[in-house]
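Working through the structure, step by step
Here's the letter readout for the chains.
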Amino acid sequence: MYLLEVLSGPLDGKTWTFENEITIGRDDTVADACITIDRYISRKHARLQAQSEGLLLTDLKSRNGTKLAGQTVQGEMALAIGDPFTVGRTILRVTRV
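Just so we're clear, the structure is a prediction, and the values are computed from it rather than from any experiment.

1. Notes on the overall build of the chain
Secondary structure summary: the chain contains zero helices and 11 strands in total. The secondary structure elements of the chain, listed N-terminal to C-terminal, are β-β-β-β-β-β-β-β-β-β-β. Compactness check: the chain gives a C-alpha radius of gyration of 12 Å against a globular reference of 13 Å for 97 residues, within 12% of the reference. When the backbone C-alpha atoms are referred to their principal axes, the chain occupies close to 35 × 25 × 25 Å. Residues classed as buried in the chain amount to 39% of the 97 residues present. Look at the contacts in the chain between residues 6 or more apart in sequence, and 36% of them connect residues 24 or more apart.

2. Description of the pairing of strand E5 (residues 46-51)
With four bridges joining them, strand E3 (residues 21-25) and E5 adopt antiparallel strand pairing. Bridging from a neighbouring strand, Glu21 pairs with Gln49 of E5. The pairing of E5 with strand E6 (residues 54-59) spans six bridges and is antiparallel. Paired with Leu48 across the two strands is Leu57, which belongs to E6. Counted along the chain from E5 to the antiparallel partner E6, the turn is two residues long.

Cut-off values and rules
Position labels on residues start from 1 in each chain and follow its written sequence. Confidence filtering applies because this is a predicted model: local features only for residues at pLDDT of at least 70, side-chain atom pairs given and counted only at 80 or more, and all residues used for totals across whole chains, interfaces and linings. By convention in this description, side-chain values take in all heavy atoms of the structure and omit both hydrogens and water. Comment: elements are numbered from the N terminus, with helices defined as DSSP H or I runs of at least four residues and strands as E runs of at least two. This radius of gyration counts C-alpha atoms alone. The globule rule is 2.2 Å times how many residues there are, raised to the power 0.38. The buried label applies to any residue whose accessible area, calculated with a 1.4 Å probe on protein chains only, is under 20% of its type's maximum; exposed applies above 50%, and partly exposed to all values in between. Between two residues, a contact is recorded if the distance between any of their heavy atoms is within 4.5 Å. Strand pairing is defined by DSSP finding a minimum of two bridges between the two strands.

Below, the structure written as structure tokens:
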């Protein structure tokens, strides 16, 4: 099981747990991790998927992009446990529960 945590932004300290996959966005009808306060986050912004070799971070064609290690995520990128990434103006990270 994984824990998605807000490190910086309007919901600092907020967490969500997930096992295989979680969608991040601003609309709770399509996002499991809903961050409504950050207006730079798209309705359906990004997805995290657990795979045997680690986590996969996918930008879902968001308007303002997803960033990992200072780079804009184009399609999919591998994400290491604990590495911070940015959606909108919110910084998140994933840890193990």
